[in-house]
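# A look at the structure
Listed below are the residues making up each chain.
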Amino acid sequence: MNYIDKEIDNLNIFDGSSINLYGRSKILDYKDKKQIFFGYTGTGFELIVEPININNELKATLLTESDLYEHQYIKIYIDNKIDKVIELTNGEEEITLFKNLKTGKHTIKVIKMNELNTTKLYMSNLVGNNYKYYKRIYNPKRNTIEFYGDSLTAGYGNLGNPSVKAYLTSEQDGTMAYAYLVANKLDYDPSIICFSGVSLTKSLSIFGLNIMDKYDTYDGIHPYNGENNIPSIVVINLGTNDNSGYLDINTKEVDKVNGIKEFMSEISTGLGFLLPIENIMAFFGIAIIIVISAFNIPTSV
């Protein structure tokens, strides 16, 4: 991957000059100030820093919102290695992301670990001392792989005891689920649209949550336009919850098949860009996996 690191005179997280955003991160006005919204699993940002001396520190002002859970978690990567996991508490707080980095240029990534339907994250400020800052400019632009999925994609309970059924944010790490791992393996930027309990089809939604109502949003509610971030590959791994619905409510097989066709049609045209429907491969059983290659990338993910 070819890139140049352009030195930044002033760190500005809102104008596109300083950080690279991951997934469907969104700059918006919220609670009387400009903020970056990180909703879906794997959203976050990249920043390049170079300490001037060993007495350096980078802080972020972060707002956590959740109706049901007290905490959420972010993961800090330094030079593509996990540095730490930070626990955030409901409300706004100034958090030290890292400090006392050794001299030399470093790639920093901050990634949201929990899924959108449990926690939301906002960042209103990013400030450091004793750094030079750089914006990494990729040429050509990095590829994005976009995933649509349920709890398997979200990493539901993947850090917890399998015998415990209750959900805890501390027991979910979306960066350890297959979607984020596949993106890293391919060296693609991840965009992960996932909800535990979500179904593919409306008629088979036993938990009242279906991807047709969510797939084209940045926060589960408000519209998302993908024209500026067209994915190279789209992977849809859904169907487990549809299968449960089919068994539980005795819906006819034709409803299931029609629901698949409906979503395939929507996903190929409904995000502000066109994905070729002829490149869809669909398998439906316990789960459904559809791979769409927009630019003739091999569909062997």
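I will try to describe carefully the structure that is included in this document. Only a predicted model underlies this, so the values are computations on that prediction, with no experimental measurement involved.

### Looking at the overall build of the chain
On a plain count of helices and strands, the chain comes out with 4 helices and 17 strands. Taken over 301 residues, the chain has a buried fraction of 51%. Across the chain, contacts joining residues at least 24 apart in sequence account for 75% of those joining residues at least 6 apart. For the chain, the accessible surface area stands at approximately 14,100 Å², while carbon and sulfur atoms represent 49% of it.

### Section: the pairing of strand 8 (residues 81–89)
Where strand 7 (residues 71–78) lies against strand 8, 8 bridges are found, and the strand directions are antiparallel. Considered in strand 8, the bridge of Ile78 is made with Lys81. With antiparallel pairing between neighbouring strands as the criterion, strand 7 and strand 8 make up a hairpin whose turn holds 2 residues, including Asp79 at a positive phi of roughly 55°.

### A look at the pattern of salt bridges
Inspection of the entire model under this criterion finds 10 salt bridges. Between Lys75 and Asp173 there is a salt bridge, with its nearest N and O atoms 2.7 Å apart. With Lys75 in strand 7 and Asp173 in the loop between helix 1 (151–154) and helix 2 (178–186), this residue pair connects regions lying 98 residues apart in the sequence. Take Asp173: its relative accessible area is 4%, and that puts it in the buried class. Close ionic contact of Lys84 with Asp83 constitutes a salt bridge, the shortest N to O distance being 2.5 Å. Given the relative accessible area of 39%, Asp83 is considered partly exposed. Several salt bridges converge on common partners, so that one network encompasses Asp5, Lys105 and Arg136.

### Notes on the nonpolar core
Core analysis: the largest hydrophobic core is formed by 27 residues, its most contacted members being Phe45, Ile74, Leu97, Phe98, Met123 and Leu126. Discounting chain neighbours no more than four positions away, the residues touching Met123 are Ile13, Phe14, Ile19, Gln35, Ile36, Phe38, Phe45, Ala60, Thr61 and Leu62. Core analysis: the next-biggest nonpolar cluster, separate from the first, contains 21 residues, Leu28, Ile193, Leu200 and Leu209 among them.

### Observations concerning the environment of Asn161
Structurally, the position occupied by Asn161 is in the loop between helix 1 and helix 2. Considering only alpha carbons, one finds Asn161 and Glu171, 10 residues apart in sequence, at a separation of 8.5 Å.

### Quick notes on unusual backbone geometry
The linkage connecting Asn139 with the following residue, Pro140, adopts the cis geometry, with an omega of 5°. Note that Pro140 resides in the loop between strand 12 (131–138) and strand 13 (144–149). Positive phi, close to 70°, is recorded for Asp32, a residue that is not glycine. Of note, Asp32 is situated in the loop between strand 3 (26–30) and strand 4 (33–38). Given a relative accessible area of 87%, Asp32 falls into the exposed group. The backbone of Asn130 shows a phi angle near 65°, a positive value even though the residue is not glycine. Looking at where Asn130 falls in the secondary structure, it is placed in the loop between strand 11 (120–129) and strand 12.

### Looking at the sheet that holds strand 9 (residues 91–99)
Strand order in the open sheet formed by 5 strands is 3-4-11-6-9, with antiparallel pairing between adjacent strands. Here the strands that pair on one side only, and so sit at the sheet edges, are strand 3 and strand 9. The mean inter-strand angle of the sheet, taken between neighbouring strand axes irrespective of direction, is 40°. Bridge count for strand 6 (residues 57–65) against strand 11 is 9 bridges, and the pairing is antiparallel. Within strand 11, the position partnered with Glu65 by the bridge is Lys120.

### Examining the side chain of Asn20
Of note, Asn20 is situated in strand 2 (residues 20–22). Judged by its relative accessible area of 16%, Asn20 falls in the buried class. A distance of 3.0 Å separates a polar side-chain atom of Asn20 from the backbone oxygen of Arg136. Among residues more than four places away in sequence, those in contact with Asn20 are Gly44, Phe45, Glu46, Lys135, Arg136 and Tyr138.

What counts and how
- Residue positions are given per chain, counting from 1 as you read along its sequence in written order.
- In view of the model being predicted, local features appear only for residues whose pLDDT reaches at least 70, and side-chain atom pairs are presented and counted only at 80 or more, with totals across whole chains, interfaces and linings using the full set of residues.
- Computation of side-chain values covers all heavy atoms of the structure but excludes hydrogens and water.
- Secondary structure elements are defined from DSSP: runs of H or I of at least 4 residues count as helices, runs of E of at least 2 residues count as strands, and each element is numbered from the N terminus.
- For the exposure calls, accessible area comes from a 1.4 Å probe over protein chains only, and a residue counts as buried if that area is under 20% of its type's maximum, exposed if over 50%, partly exposed in between.
- By definition, residues are in contact when any of their heavy atoms lie within 4.5 Å.
- All accessibility values rest on the Shrake-Rupley procedure with a 1.4 Å probe; residue burial counts only the protein chains present in the view.
- The criterion for strand pairing is that DSSP finds at least two bridges linking the strands in question.
- Put simply, a salt bridge is a Lys or Arg side-chain nitrogen that is within 4 Å of an Asp or Glu carboxyl oxygen.
- What is meant by a nonpolar core is a set of buried Ala, Val, Leu, Ile, Met, Phe, Trp, Tyr and Cys residues, joined one to another through side-chain atoms within 4.5 Å.
- Helix axes use the C-alpha atoms of the stretch in contact, all axes being lines fitted to C-alpha atoms, and the angles between their N-to-C directions lie in the range 0 to 180 degrees.
- In the analysis that follows, any N or O atom pair within 3.5 Å is treated as a polar contact, provided that within protein one partner can donate a hydrogen and the other can accept it, and provided that, for residues neighboring in sequence, both atoms belong to side chains.

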